[in-house]
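The primary structure of each chain is shown beneath.
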Amino acid sequence: MRGVALWALCSALVACERSNPAYCDGVFFFCGQRKRCDLATRSCVDVSPGAAIDCERSASCPEDLPLCDEQARVCRACAGGEDHRCAERNPRTPRCLASRCVECIAQQGRSHEVPECTRRQGGGLSVPVCDVTTNSCRPCRLHAECISGVCAKDDLSDALGVPRGSCVPEDQVLVVDPSLCSATGPVFCTPRQAVERLDRQHRYVVFRRSAREEDFSEIEIGRFENQGLELYLIGPLADGPPAAATTWPPVEIGAPGRRGFIVHRKSRVTLEGFLIHRASVGIQCYGDGPGTLTQVRVLRSLISSNTVGLSIHNECWLTLEQSWVGRGPQGGPLRTLSGNELAVDITRSDFTIRNVVFTDNGDIGRDRFGGIRITGGLGGGREGKRISSVINSTFYGHNAWVTLDGARYTAIVCDSPVGGRLAVVNTLFFQDPRQPLYERYVAASCGGQIWHAASDDPTLVGNMSVVFPRTELPGFRDAGARDFHIGRAAGASALWRRVQDGGLVRLDQLGLRAPEEDMDGAPRARPDQVSIGAYEVEP
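Residues numbered from 1 in each chain as written. Predicted model: local features only at pLDDT ≥ 70, side-chain atom pairs only at ≥ 80, totals over all residues. Heavy atoms only, no water.

A.B. asks: What is the right way to read the overall build of the protein from this model?
C.D. replies: Check the secondary structure of the protein and you find five helices and 40 strands. By residue count, 53% of the 539 residues in the protein fall in the buried class. Pairs at least 24 apart in sequence give 62% of the contacts found in the protein among residues at least 6 apart. Carbon and sulfur atoms make up 51% of the accessible area of the protein, which totals about 23900 Å². (Helix = DSSP H or I, 4+ residues; strand = E, 2+ residues; numbered from the N terminus. Buried < 20%, exposed > 50% of the residue type's maximum accessible area, 1.4 Å probe, protein only. Contact = heavy atoms within 4.5 Å. Areas by Shrake-Rupley, 256 points an atom, 1.4 Å probe, with all protein chains shown as cover.)

This is the structure:
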């Protein structure tokens, strides 16, 4: 009986197929070459328009027609629900998107960490992020691309098993957010609660929101429970140039009469992406004397309206990069910020300052010098030979000075000789030409290692430096609005063309490393040569 029933069914299907030659069902009746069965209409359709590519297996098909059709034996586009076929074709491109097999699919129009990319790690290269423009896996570049909110942007975490470009695992990250928190975490109500729990398994704290100013000032880092560890505190400005913020940051550090961050001896901490303002001291660090290593790195932060911006003492090594120190730029939410009375106070310590803008610091009414003041000499580390440096930075609009040997200095002052261990390279020093002429920028006691400076100070000459007339600012887009981007103005003077086109300097002789990018993240001219100021010359 079964044989009869099957014979009858086949006869009926044959009759149907004969009455409709285009009929197919994908089981008994198949389509001809270069056609496939569309089960929705039970009809044969062309697999791909134009010239078809014959195939036996998907691995031989091109990227724009990645799958080999089982019936027609020609290459075709992939369709929804065929991720498994993309994975069979090539495990490195296991997802189908817009007819193509791709590595990953980024959602919500942005690049972000996805599981299929996180699993792909080999040869020391981490590629956890799906790029929204290429739908391929790549290293992380921004903290916001990672689920944990922390991307290892440099090599400092490599020794901790988190190589550059990796997203730090969530279980290693603590969070501060008073709007949704508990005293036991992992989302904490105050910085103190989170910092007290930093240890070898938890080295990162992400600040998402601040609340009472007394909770977000006097933040002590490196007390006994986490001394000697490499620690990271990350704020909301960490993924872009701090002065380019389009909204007021949700985290504010500092309060009148109180300090902001306090880094204790034998600590190593990175502070990235913070607005630090209105404090008696924005960031204070005390080392533990010669032979010890205490370090504070300040990245992509905005330090304004403090009595002292940064106070660094007794062999605490300061790194200050891609930051804005002083009055906020006009035209944005930060325009109300005033300068610091004193920007940087250094005592027996060393520093590296790169890609930093110093603007409108100092208080002439209170006789407060506004620049970088070095008292008691530099540190020098264990070998006593470390070079402190200011590289590719911009100083503008200084409001007070220190008088030494009958001259007024407004940018960098050394109260005692530093033995030539301070280098100032590729840096701009200018004042509003409408202000009285009293400018000298780098005190002679700070040493003579100055290369490729541009200023209106007639004493800053030699070593490829250029002196401008006071009436000619160096191509700033709008210095009055504190926009210090540099353009190639058609009518630029011969002096400025010299700075723009020929004024590049090698740093090999000092063993210094210039930044590979400017304050905006734009690449410098060449790896071994850099152009002047905090911003790269615009095309």
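A.B. asks: Sorry, what's going on with the packing of aromatic side chains here?
C.D. replies: Two aromatic rings are characterised by how far apart their centres lie and by the angle between their planes. One pass over the full model with this rule turns up 14 aromatic pairs. Relative to F429, the ring of F395 has its centre 4.9 Å away and its plane inclined at 20 degrees; by these criteria the two rings are stacked. Note that F395 is positioned in strand 30 (residues 394-396) and F429 in strand 35 (residues 428-430), a separation of 34 residues in sequence. F395 gets classed as buried once you look at its relative accessible area, which sits at 1%. A relative accessible area of 0% places F429 in the buried class. Ring geometry for F476 versus F484: centroids 5.3 Å apart, planes at 75 degrees, classification edge-to-face. By relative accessible area, F476 is classed as buried at 11%. A network of ring pairs unites the aromatic residues W324, Y396, F430, F468, F476 and F484 as a single cluster. Here the guanidinium or amino end of R386 rests over the ring plane of W317, the centre of that ring lying 4.2 Å away. (Phe/Tyr/Trp six-rings, centres within 6.5 Å; stacked < 30°, edge-to-face > 60°. Lys NZ or Arg CZ within 6 Å of the ring centre and 35° of its normal.)

A.B. asks: Explain the state of the cysteines to me, please; I cannot follow it from the model alone.
C.D. replies: The term disulfide refers to a covalent linkage connecting the sulfur atoms of a pair of cysteines. Counted under the stated rule, the structure contains eleven disulfides. Here C104 pairs with C130 through a disulfide, and the sulfurs are 2.1 Å apart. Because the sign of the S-S torsion sets the handedness, a value of about 90 degrees for the bond joining C104 and C130 places this disulfide among the right-handed ones. Of the two residues, C104 is situated in the loop between strand 6 (100-102) and strand 7 (112-113) and C130 in strand 10 (residues 129-130); the sequence distance between them amounts to 26 residues. On the accessibility criterion, C104 (0% relative accessible area) is buried. Through a disulfide, C181 is tied to C189; the S-S separation comes to 2.1 Å. Because the torsion about its S-S bond is 95 degrees, the bridge between C181 and C189 counts as right-handed. Taking relative accessible area as the criterion, C189 reaches 23% and is therefore assigned partly exposed. (Disulfide = S-S within 2.5 Å.)

A.B. asks: Quick question: what am I supposed to make of the sheet that holds strand 7 here?
C.D. replies: The strands making up a sheet are joined through hydrogen bonds of the backbone, oriented either antiparallel or parallel. The strand order 7-10-11 describes an open sheet built from three strands, whose pairing is antiparallel. Lying at the two open borders of the sheet, with one neighbouring strand each, are strand 7 and strand 11 (137-138). In this structure, strand 7 lies alongside strand 10, joined through two bridges in antiparallel fashion. Directly across from E113, in strand 10, lies its bridge partner V129. (Pairing = 2+ DSSP bridges.)

A.B. asks: Quick question: what am I supposed to make of the confidence of the model for the protein here?
C.D. replies: Caution applies to low-pLDDT regions: their predicted coordinates should not be interpreted in detail. For the protein, the mean per-residue pLDDT works out to 85, and 85% of the residues sit at or above 70. The low-confidence segment residues 1-19 (pLDDT under 50) makes seven contacts with residues lying over four places distant or belonging to another chain. (pLDDT = per-residue confidence, 0-100.)

A.B. asks: I keep staring at the pairing of strand 26 (residues 342-347) and nothing clicks. Help me out?
C.D. replies: Within a regular strand, side chains alternate between the sheet's two faces. Where burial is concerned, most of strand 26 is hidden: six out of the six residues are buried. Direction of pairing for strand 24 (residues 308-313) relative to strand 26: parallel, over a ladder of five bridges. Bridge pairing in strand 26 places H313 opposite T347. Bridging between strand 26 and strand 28 (residues 372-375) involves four bridges; their strand directions are parallel. Looking across to strand 28, one finds that T347 is bridged to T375.

A.B. asks: Just checking my understanding: could you explain the pattern of salt bridges for this structure?
C.D. replies: Side-chain pairing between opposite charges can occur once the charged atoms of the two side chains come close. Scanning the model with the defined rule gives 29 salt bridges in all. Of the charged contacts, one joins D215 and R212 as a salt bridge, the two residues approaching to 3.1 Å between their closest N and O atoms. By relative accessible area, which is 22% here, D215 ends up partly exposed. R327 is paired through a salt bridge with D360; the nearest N and O atoms lie 3.9 Å apart. A residue pair is termed long-range when its members are at least 10 positions apart, and R327 in the loop between strand 25 (316-326) and strand 26 and D360 in the loop between strand 27 (351-359) and strand 28 qualify at 33 residues. (Salt bridge = Lys/Arg side-chain N within 4 Å of Asp/Glu carboxyl O.)

A.B. asks: Would you mind going over the pairing of strand 34 (residues 422-425) with me for this structure?
C.D. replies: Burial along strand 34 is two-sided: L422 and V424 facing one way and A423 and V425 facing the other are all buried. Bridge count between strand 29 (residues 388-391) and strand 34: four bridges; the pairing is parallel. What sits directly across from S389, in strand 34, is A423. Where strand 34 meets strand 36 (residues 449-451), three bridges bridge the pair, whose relative direction is parallel. Following the sheet pairing, V425 is matched in strand 36 by W451.

A.B. asks: Sorry, what's going on with the sheet that holds strand 26 here?
C.D. replies: With parallel pairing, the seven strands of this open sheet are ordered in space as 15-18-21-24-26-28-33. Edge positions in the sheet fall to strand 15 (219-221) and strand 33 (412-414), since each has one partner strand and no second. The mean angle between the axes of side-by-side strands here comes to 10 degrees, regardless of whether they run parallel or antiparallel. Sheet topology note: the strand 15/strand 18 (residues 259-263) ladder contains three bridges and is parallel. Each bridged residue has a counterpart across the sheet, and for I219 the counterpart in strand 18 is F261. (Axes fitted to C-alpha atoms, helices over the stretch in contact; angles between N-to-C directions.)

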